[in-house]
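# Structural overview
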Amino acid sequence: MEKKWEDMSPEEKREARFATWLSAEGVTFENDEAKRSYTASITRFKDALLLEKPPDRVPIFIIGTFMQSALYGVTPGECMYDYSKLISAHKRFLQDYRPDFYSSPAMVGSGKVLDILDMQQYRWPGHGIPETSGYQCVEGEYMAAEDYTTLIDDPSDFWIRKWFPRIFGALKPLKNLGAFTNLWEIVGVSGHMIPFGIPEVQEALKALMAAGDEAMAWIQQIGALEMEAKAMGFVGSVGGASKAPFDILADTLRGTRGAMMDMYRQPDMILKAVERLTPLYIRQGVGMATFSGNPLVFMPLHKGADGFMSDEQFRTFYWPTLKAVILGMAEEGCVPFLFCEGGYNSRLQYLQELPKGSCFWIFDRTDMVKAKEMLGDTLCIGGNVPSGLILTGTVDDVKAYCRNLIDTAGKGGGYIMSFGCAMDEGRPENVHAMIDVTKEYGVYR
């Protein structure tokens, strides 16, 4: 009798998710070679992840935001407003560069959706900054210092009636809504609907509908490319997304300054908040991975990097709930994909607490020799190809750097070739060199 999901071990759940991923349900491959390539890429990654045997060669992950399009002369602004140009450039990139795993153009986002909602927390190409620039975060306290209790008591209510009105100009009127939990009996229905009759609130709802229409037009083109990419034999590097609870607080809500001050002024509220957020971001990652059929859950890490906080602060505020999210998703058979922007040299000791093969880590400015020594028996590591090298180095420089990574971090397996950050641009010959040298030199069997 087939086991029920709830009776499976984490390892059995992971195996089931890999089987779903490999099956590529609904995909008609272009030819037998495309199917073999798709299967080989996933198998190659799985061998690197589990550390039970070396893969046939080092897997290649290409993590980029605007780079794939920039290689074909498409500006970031065009990526966000002209979906056909975005899709065309990404398809050409796959055909010309042929990585094992690729970043979805969904990581770019729709400028039209952001325009409709009048997002305040970021500037993006063509909106507040030149169309040739990448995103810029507008630092601020989008959650007030006194809002912790509201967030902790009911996160969804906080997001709708507090955060949305502060982040999206078009949704400012939503602050006039009553708490939805106040609607609990027939006599309360009519009164609870009154705010929805306010003209400004109705305009906000129309903006949400317009944003939804535009988002559907956007995702239909993205989805078509994703299916075509699979048919060509390529594998997406992201099945879902989540974040460290402290990063939700410090990136999205309180801002860097607010969160840092709170560690001194109201540390207990930070701890209650990140604990409250933890199950929400386990569920988000698991839900997205289940929907996509791809177990990889992308987690960009920010405020835990070297220099943002002391070791004691990391141990107190950051690591416990990040670890809980990682383990919570791993318990459900997902594979957390930790993307460590900046340096993580002083944090490597904490990663030794994680079970073997439970997740993998892409590093930016971390000492890869040290990372291999400390984690090589338990966790797959990757990355560390510097953006500056790709932008300004020579082909020989890139090949030499990548060979050294393979010889050190890739010794015996357990290494993924990748950039250390999400690239917005790059020199074509250097991106080719990174991929080509890995395929030629990073062979184990």
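Quick summary incoming for the structure in this document.

Thresholds, definitions, all that
- Residues numbered from 1 in each chain as written.
- Predicted model: local features only at pLDDT ≥ 70, side-chain atom pairs only at ≥ 80, totals over all residues.
- Heavy atoms only, no water.
- Helix = DSSP H or I, 4+ residues; strand = E, 2+ residues; numbered from the N terminus.
- Rg over C-alpha atoms; globule rule 2.2 N^0.38 Å.
- Buried < 20%, exposed > 50% of the residue type's maximum accessible area, 1.4 Å probe, protein only.
- Contact = heavy atoms within 4.5 Å.
- Areas by Shrake-Rupley, 256 points an atom, 1.4 Å probe, with all protein chains shown as cover.
- Salt bridge = Lys/Arg side-chain N within 4 Å of Asp/Glu carboxyl O.
- Pairing = 2+ DSSP bridges.
- Phe/Tyr/Trp six-rings, centres within 6.5 Å; stacked < 30°, edge-to-face > 60°.
- Lys NZ or Arg CZ within 6 Å of the ring centre and 35° of its normal.
- Core = buried A, V, L, I, M, F, W, Y, C linked by side-chain atoms within 4.5 Å.

### A short note on the overall build of the protein chain
- On a plain count of helices and strands, the protein chain comes out with 19 helices and 12 strands.
- The C-alpha atoms of the protein chain give 23 Å as radius of gyration, which agrees with the globular expectation for 445 residues (22 Å, within 12%).
- Taken along its principal axes, the extent of the C-alpha atoms in the protein chain is 70 × 55 × 45 Å.
- Taken over 445 residues, the protein chain has a buried fraction of 52%.
- Long-range contacts, defined as pairs at least 24 residues apart, comprise 72% of the intrachain contacts of the protein chain with a sequence gap of at least 6.
- Just so you have it, the protein chain exposes about 19400 Å², and 53% of that area is on carbon and sulfur atoms.

### Quick notes on the pattern of salt bridges
- Within this structure, the stated rule accounts for 20 salt bridges.
- A salt bridge links arginine 57 to aspartate 100, with the nearest nitrogen and oxygen atoms 2.8 Å apart. One end of the pair, arginine 57, is in the loop between α2 (32-50) and β1 (61-62); the other, aspartate 100, is in the loop between α5 (83-97) and β2 (101-102), with 43 residues separating them in the sequence.
- With a relative accessible area of 10%, arginine 57 lands in the buried category.
- Accessibility expressed as a relative area gives 5% for aspartate 100, which makes it buried.
- The residue arginine 427 makes a salt bridge to glutamate 429 at a minimum N-O spacing of 2.7 Å.

### Description of the pairing of strand β10 (residues 360-363)
- Of the two faces of β10, both are covered, the one formed by Phe360 and Ile362 as well as the one formed by Trp361 and Phe363.
- Of the pairings in the sheet, the one linking strand β9 (residues 335-340) to β10 comprises 4 bridges and is parallel in character. Residue pairing across strands places leucine 338 opposite tryptophan 361, the latter belonging to β10.
- Both β10 and strand β11 (residues 380-383) contribute to a ladder of 4 bridges, which runs parallel. Directly across from phenylalanine 363, in β11, lies its bridge partner glycine 383.

### Observations concerning the packing of aromatic side chains
- Considering all chains together, one arrives at 31 aromatic pairs under this definition.
- Between phenylalanine 18 and tryptophan 21, the aromatic rings sit 5.5 Å apart at their centres with planes inclined by 50°, giving tilted as the arrangement. In this pair, phenylalanine 18 and tryptophan 21 both sit in helix α1 (residues 10-23), 3 residues apart, roughly one turn of the helix.
- Taking the centre distance of 6.3 Å and the plane angle of 90° together, the rings of phenylalanine 337 and phenylalanine 339 count as edge-to-face. The burial state of phenylalanine 337 is the same as that of phenylalanine 339; both residues are buried.
- Grouping aromatic residues by their ring pairs yields a cluster made of Phe18, Trp21, Phe45, Phe61, Phe101, Phe298, Phe337, Phe339 and Phe360.
- Over the ring of phenylalanine 18 we find lysine 46; its NZ or CZ atom is 5.4 Å from the centre of that ring.

### Considerations on the nonpolar core
- Core analysis: the largest hydrophobic core is formed by 111 residues, its most contacted members being Phe246, Leu322, Tyr344, Leu351, Trp361 and Phe363.
- The element best represented in this core is helix α13 (residues 267-292), accounting for 9 residues.
- Apart from the residues lying within four places of it in its own chain, the contact partners of phenylalanine 363 are Cys340, Tyr344, Leu348, Leu351, Met368, Ala371, Leu375, Ile381, Gly382, Gly383, Asn384 and Gly420.
- The next biggest cluster of nonpolar side chains, apart from the first, holds 26 residues, and it includes Ala231, Phe360, Ile362 and Cys380.

### Regarding the side chain of glutamine 68
- Relative to the elements of secondary structure, glutamine 68 occurs in helix α3 (residues 67-70).
- What makes glutamine 68 buried here is its relative accessible area of 0%.
- Sequence-distant contacts of glutamine 68, that is, excluding residues within four places in its chain, are made with Ile62, Ala89, His90, Phe93 and Ser103.

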